[in-house]
Amino acid sequence: MLTVVLSGLRARWASFLGGFVALALGVGLLATMGLGLSATLHAPERSPQRFASSPVVVQGQDRLTLDVRRGPETVSVAQRLDRPQPVDNKLLRELKARWTVTPSGGPDAVGVDAPAAEVRALVGDRAQVLTGDERRRADPDHDRDAEALVGVNALLGTSGGVTAFVSVFVVASTFAFAVALRRREFGLLRTAGATPGQIRRLLLAEAAALGVLASAAGCALGAAGAPLLARTLVDGGLAPAWFTVGGPVWPFHAAFWTGVTVALAGAVAASRRAGKVGPTAALREADVDADALPLGRALLGTGLLLAGLGLLVWTYATDPSALLKRKTYTTLPMLLITGIALLSPLLVRPVARLLRLRGAVGTLVRENSAASVRRTAAVAAPVLVTVALAGTLFGSATSVTRAKGAEGREQTVAEYVVTGPALRPVTAPAGAVVSPTGPTSVFVRDGDAAVVKYGARAVTDPTAFAELARLPVVAGDPRDLDDRSIVVNEEFERRRVGETVEVWRADGTGPVRLRVAAVLALGTGDNGPYVTRANAPGSVPDRIDARGGGTATVRALETSGGTVRTADAWADAEHAPSGSPQARLGMVLVLGIALVYTVIGLANTLLMATSVRGGELASLRLAGATRSQILRVVTGEATLAVAIGTLLGLAVTALVLGALGAGLAALSAPVALALPWTTVGAAAGVCAAVAITASALPAWRLTR
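Residues numbered from 1 in each chain as written. Predicted model: local features only at pLDDT ≥ 70, side-chain atom pairs only at ≥ 80, totals over all residues. Heavy atoms only, no water.

(A) View of the nonpolar core. Among the nonpolar cores identified, the biggest contains 79 residues, and Val166, Leu233, Phe243, Ile337, Leu384 and Val652 are the most heavily contacted of them. Here this core takes 15 residues from helix α13 (residues 373-410), the largest share from any one element. When near neighbours in sequence (up to four residues on either side) are disregarded, Leu233 contacts Val152, Leu155, Leu156, Leu238, Ala239 and Phe243. (Core = buried A, V, L, I, M, F, W, Y, C linked by side-chain atoms within 4.5 Å. Buried < 20%, exposed > 50% of the residue type's maximum accessible area, 1.4 Å probe, protein only. Helix = DSSP H or I, 4+ residues; strand = E, 2+ residues; numbered from the N terminus. Contact = heavy atoms within 4.5 Å.)

What follows is the structure in structure tokens.
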């Protein structure tokens, strides 16, 4: 068996080349992403800076700890505060009475020159006692390194998931089509006495050999590509400047065995079909596909399509805000793509028959495409993947960004908006209305089982805020906001106007009981809650809305130290339709992976398919067709297959964007859907160029 397998690989190396390259590239990308992910799991160790000379640091509490119910038991949960609480004055006096205390620029922490055990005994639960590397928690933004890696982790995880999905898709499609082209070979083996089990084992052995060789090559590619990935992420602003990849072994193991598993998984279905080939297939001359959609494939495709549609509907019905998240519009289309790709043979003949191409060339293109359903579907499938990912990723991201921008512009009647960290107070000129707001947080119990932290806005002047803001009010009136009330959104458990909400402030003080003054629609996620400065300790304005007063207002706003823009310019700058450069680079990375795989799949499929059509093309020459006409037929078939894949990809895009639009409407947010025609057109154009080239070259050689 091994001799037959190796001989087959040597004899048909060109047929296996595309699968080998796709699998090796997939393993290389998985190894690269794994090495990158391993580097995001741990931030670099940094020595304490603020209290480097103090062996012990006493810091105010930086967590809000509350008891919640977990079944029959009560457990404590902690939520991080916006900033640590100040150290109690009484505790400070006790510390100073016994040891040398070193303050350092703030009331939240002090250094103590004393044994840690004695300090802990004195402090108890009134504050935190930090020693060793834990003293870094008293440094400003001590979690900045870990927070900087969160986005990198999400990007690499998404890219790795897309890589695994597309590699399985392309490899499985390649094996299935290769088996379809070898029906006569299997028929001869059956005629020679081979059993169906031997045919299946032959294909699985070929897949295993290909998987091992390609996975080994992929691991070598991953080792070389990981440093390049790190430099690309740093240069693109997606990762901090210190980000580097390490040398753990587990990503190579994971990538290698994933590659072998993918190769075997892609060959399983194909081997079962090959085992059913009878001896009479060796005598078969017709190339019409009569069994292009077996029952198992039809059932699986229908199940995946219904699952994808069901998840879209369920998400819309239960949590429409999830449709706005990148994780949703990146992963859900994969179910739809796979389902439609499996069912694509059903669509090939109807679409091809609808064409009314004139002349002999047009007739041959239409009839050949309709007859060779398996070949046409194998070409359309990778195009479907790329077009669908391009449409859903870029279309959803652009639509969400536009909706946020439109929502932000609709919610203010200000003429000018100032933004910037820690804005200085502004005196409103005569005839002007000025409303500063800043970020804060509130903590609220969600039933008895959870404590939720909400990002909120602190309002300095409720009267001015109510005059300039146009919030999506569901009930109540924001003008009733005062130091004893709160404006909430529909996410709150208690959201009826007049009800009392128990709230802990950003510094952990509380609870305070605030009356619900108004309820806002959830929108794209930035609608409330709102509190006054009295319930937002430590909050500093980062935005000032202003109206009226003419040029005097502009001059006054310039003294705040922030960027002064008109409201329209602010909305355009804060919510650019193309999104941030970092987010766009991340989507380009994901789409680039899919496009590379599509190019490999198209080239491999069409090279294989066209190379075995020597007899058919020779018959056309004998019938009087010119070489140019034959090339037009072959390239026309490839173009038609790409067009079918593009249409199917646009169908997936329409489903996802339609669900997104419905979700925005359900959230009372502006519906501003955008289909990225440029990106989709570029992806389809690349697919068409590769398909035409990969089909024309072997046809040119065969018709010499």
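(B) How the structure looks around the environment of Ser399. With respect to the helices and strands, the residue Ser399 is situated in helix α13. Sequence spacing of Ser399 and Gly661 is 262 residues, and the spatial spacing of their C-alpha atoms is 8.5 Å. Not counting residues within four places of it along the chain, the set of residues in contact with Ser399 comprises Leu657, Leu660, Ala672, Leu673 and Ala674.

(C) Inspection of the pairing of strand β9 (residues 450-459) at higher detail. Two strands pair when backbone bridges link them, and strand β8 (residues 433-446) and β9 are joined in this way by 10 bridges, in the antiparallel orientation. Within the sheet, the bridge partner assigned to Ser441 lies in β9 and is Gly455. Here β8 folds back onto β9 in antiparallel fashion, the turn holding three residues, of which Gly447 has a positive phi close to 70°. Taken together, the three bridges between β9 and strand β14 (residues 530-532) define a ladder with parallel strand orientation. Looking across to β14, one finds that Val459 is bridged to Thr532. (Pairing = 2+ DSSP bridges.)

(D) Spatial organisation of the sheet that holds strand β6 (residues 128-131). Spatially, β4-β5-β1-β6 is the arrangement adopted by the four strands of the open sheet, whose pairing is antiparallel. The outermost strands of the open sheet, each flanked by one partner alone, are β4 (100-103) and β6. Averaged over all neighbouring strand pairs, the angle between strand axes comes to 30°, with direction disregarded. Taken together, the four bridges between strand β1 (residues 56-59) and strand β5 (residues 109-113) define a ladder with antiparallel strand orientation. Residue pairing across strands places Val57 opposite Gly111, the latter belonging to β5. Of the strands in this sheet, β1, β4 and β5 touch helix α3 (residues 89-98), which is tilted by about 20° from β5. Across the face of the sheet, helix α4 (residues 116-123) comes into contact with β1, β5 and β6 while running at roughly 170° to β6. (Axes fitted to C-alpha atoms, helices over the stretch in contact; angles between N-to-C directions.)

(E) Here's a closer look at the packing of aromatic side chains. One pass over the full model with this rule turns up three aromatic pairs. Between the aromatic rings of Phe256 and Trp257, the centroid separation amounts to 5.0 Å while the plane-to-plane angle is 90°, which identifies the pairing as edge-to-face. The exposure class assigned to Trp257 is exposed, which follows from its relative accessible area of 52%. Their ring planes at 20° and their centres at 4.4 Å tell us that Tyr454 and Phe492 sit as a pair that is stacked. Within this pair, whereas Tyr454 is found in strand β9, its partner Phe492 is found in the loop between β11 (485-489) and β12 (500-504), the two being separated by 38 residues in sequence. One exposure class covers both Tyr454 and Phe492, and it is buried. (Phe/Tyr/Trp six-rings, centres within 6.5 Å; stacked < 30°, edge-to-face > 60°.)

(F) Structural context of the packing of helix α10 (residues 326-343) against helix α11 (residues 345-354). Packing of α10 against α11 brings their axes to within 5 Å, and their N-to-C directions diverge by 60°. In terms of orientation, α10 and α11 fall into the oblique class. Touching Ala341, Leu342 and Leu343 of α10 are Pro345, Leu346 and Leu347, all from α11. Its residues assigned to classes, the contact of α10 with α11 shows six nonpolar, no polar and no charged. (Parallel < 35°, antiparallel > 145°, perpendicular 65-115°, else oblique. Nonpolar A, V, L, I, M, F, W, Y, C, P; charged D, E, K, R; others polar.)

(G) Region of interest: the packing of helix α12 (residues 359-371) against helix α19 (residues 627-666). Where α12 contacts α19, the axes come no closer than 9 Å and their chain directions differ by 45°. By the angle between their axes, α12 is oblique relative to α19. In this structure, the crossing between α12 and α19 has a hand that is right-handed. The residues of α19 that touch α12, namely those facing Val361, Leu364, Val365, Asn368 and Ser369, are Gln629, Arg632, Val633, Gly636, Glu637 and Leu640. Taken together, the residues of the contact of α12 with α19 break down into five nonpolar, four polar and two charged. (Left-handed = near helix turned anticlockwise from the far one by under 90°.)

(H) Summary view of α12. Helix length check: α12 (13 residues) gives 18 Å between terminal C-alpha atoms against 18 Å at 1.5 Å per residue, within 8%. By the burial criterion, the buried members of α12 are Val361, Gly362, Val365, Arg366, Asn368, Ser369 and Ala370. Close packing links the buried residues of α12 with α11, α13, α18 (614-622) and α19. (Expected span 1.5 Å × (residues − 1).)

(I) Representation of the side chain of Ser539 within the structure. With respect to the helices and strands, the residue Ser539 is situated in the loop between β14 and β15 (543-547). Judged by its relative accessible area of 5%, Ser539 is buried. Apart from residues no more than four positions distant in its own chain, Ser539 is found in contact with Arg83, Gly438, Pro439, Thr440, Ala458 and Arg533.

(J) Structural context of the pattern of salt bridges. Within the structure shown, the criterion is met by 10 salt bridges. Between Arg409 and Asp568 there is a salt bridge, and its shortest N-O distance comes to 2.5 Å. Linking Arg409 in helix α13 with Asp568 in helix α16 (residues 567-574), this pair joins segments that are 159 residues apart in sequence. Here Arg409 falls in the partly exposed class, since its relative accessible area comes to 27%. Classification of Asp568 as partly exposed rests on a relative accessible area of 45%. Linking Arg457 and Asp542 is a salt bridge whose minimum nitrogen-to-oxygen distance equals 2.9 Å. Here Asp542 lies in the loop between β14 and β15 and Arg457 lies in strand β9, a separation of 85 residues in the sequence. (Salt bridge = Lys/Arg side-chain N within 4 Å of Asp/Glu carboxyl O.)

(K) Representation of the side chain of Thr598 within the structure. Inspection of the secondary structure puts Thr598 in helix α17 (residues 581-611). Here Thr598 is in contact with Pro382, Val383, Thr386 and Cys687, once residues within four sequence places are set aside.

(L) Just the environment of Val531, in detail. Note on placement: Val531 falls in strand β14. According to the relative accessible area criterion, Val531 is buried, its value standing at 1%. Distance in space between the C-alpha atoms of Val531 and Thr437 is 9.8 Å, their sequence separation being 94 residues. What Val531 contacts, discounting residues up to four positions off in sequence, is Thr440, Val442, Arg457, Ala458, Val459, Leu481, Ile486, Leu514 and Ala536.

(M) Region of the structure containing a nonpolar patch on the surface. Where nonpolar side chains cluster on the molecular surface, the patch consists of Leu204, Leu264 and Val268 and spans about 190 Å² of accessible area. Mapped onto the elements of the fold, Leu204 is located in helix α7 (residues 196-235). (Patch = residues over 30% accessible without salt bridge, like charges linked within 9 Å, V, L, I, M, F, W, Y side chains within 5 Å. Areas by Shrake-Rupley, 256 points an atom, 1.4 Å probe, with all protein chains shown as cover.)

(N) Seen up close, unusual backbone geometry. Cis geometry marks the peptide bond from Gly510 to Pro511, where omega comes out at 5°. Positionally, Pro511 belongs in the loop between β12 and β13 (512-520). Non-glycine residue Ala422 carries a positive phi angle of around 50°. Within the secondary structure, Ala422 is located in the loop between β7 (416-419) and β8. Overall, the relative accessible area of 53% leaves Ala422 in the exposed class.

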